[in-house]
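Examining the three-dimensional arrangement
Single-letter residue listing:
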Amino acid sequence: MKKSLTILVFLALAPAQAALADDDCFAPMAEWQPRAAVAEMAAQNGWTVGRIKIDDGCYEIDGTDAEGRPIEVKLHPATLEVIEFEYEEKRRDRNRPDADDDD
């Protein structure tokens, strides 16, 4: 009985775990585009790159759009398909802890 209940709980939670992980990227490293390709793709879109990092197996660009608004873009590492695009609120200046208080 306990084994059946454990299996039932697992099956009930599996879809929820899959939904939480759908913004993760799964591609073998051999298929990844180089960072230079990510930077080129960003430039073609009019984005200024502040930082390219890897998060959840995806490339993530922190930068600004053509109008200077802070953005965060998550890209599939093999196809460079945009998975998530966010306009960031205000960026905090790492050198000035009180930077948010200027307005």
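Anything mentioned here points back to the structure above.
What you see is a predicted model, and the numbers here were worked out from it, not measured in a lab.

1. Section: unusual backbone geometry
Phi is positive for D56, which is not a glycine, with a value near 55°. Considering the arrangement of structural elements, one finds D56 in the loop between strand 1 (48–55) and strand 2 (58–64). For D56, a relative accessible area of 40% gives the class partly exposed. Located in the positive-phi region is L80, a residue other than glycine, with phi close to 60°. Here L80 lies in the loop between strand 3 (70–75) and strand 4 (82–87).

2. What to know about the nonpolar core
One finds V38, W47, Y59, I61, V73 and L75 to be the most contacted residues of the largest nonpolar core, which totals 14 residues. When contributions to this core are tallied by element, the ones reaching two or more residues are helix 2 (35–44), strand 2 and strand 3. Apart from the residues lying within four places of it in its own chain, the contact partners of I61 are V38, A42, W47, V49, R51, I52, I71, E72, V73 and L75.

3. Considerations on the packing of aromatic side chains
Describing an aromatic ring pair means giving the distance of the ring centres and the angle of the ring planes. Inspection of the entire model under this criterion finds three aromatic pairs. A centroid spacing of 5.8 Å and a plane angle of 50° characterise the contact between W47 and F85, whose relative ring orientation is tilted. Separated by 38 residues along the polypeptide, W47 in the loop between helix 2 and strand 1 and F85 in strand 4 bring together distant segments of the chain. Each residue in the set W47, F85 and Y87 is aromatic and connected to the rest through ring pairs, giving one cluster.

4. Side note on the pattern of salt bridges
The tally for this structure, following the rule as stated, stands at five salt bridges. Between K53 and E60 there is a salt bridge whose closest N-O contact spans 3.5 Å. The salt bridge involving D55 is made with K74; its shortest N-O contact spans 3.8 Å. Of the two residues, D55 is situated in strand 1 and K74 in strand 3; the sequence distance between them amounts to 19 residues. Among the residues examined, K74 registers a relative accessible area of 6% and is labelled buried. What you see here is one network of salt bridges that share partners, running through D55, D56 and K74.

5. Quick notes on the state of the cysteines
Evaluation of the coordinates by the stated rule reveals one disulfide. Bridging C25 to C58, the disulfide has an S-S length of 1.9 Å. Taking the torsion about the sulfur-sulfur bond, which here is approximately 100°, the covalent link between C25 and C58 counts as right-handed. Within this pair, whereas C25 is found in the loop between helix 1 (2–20) and helix 2, its partner C58 is found in strand 2, the two being separated by 33 residues in sequence. Judged by relative accessible area, C25 falls into the buried class, the value being 6%.

What counts, and where the lines are drawn
Residues numbered from 1 in each chain as written. Predicted model: local features only at pLDDT ≥ 70, side-chain atom pairs only at ≥ 80, totals over all residues. Heavy atoms only, no water. Helix = DSSP H or I, 4+ residues; strand = E, 2+ residues; numbered from the N terminus. Buried < 20%, exposed > 50% of the residue type's maximum accessible area, 1.4 Å probe, protein only. Core = buried A, V, L, I, M, F, W, Y, C linked by side-chain atoms within 4.5 Å. Contact = heavy atoms within 4.5 Å. Phe/Tyr/Trp six-rings, centres within 6.5 Å; stacked < 30°, edge-to-face > 60°. Salt bridge = Lys/Arg side-chain N within 4 Å of Asp/Glu carboxyl O. Disulfide = S-S within 2.5 Å.

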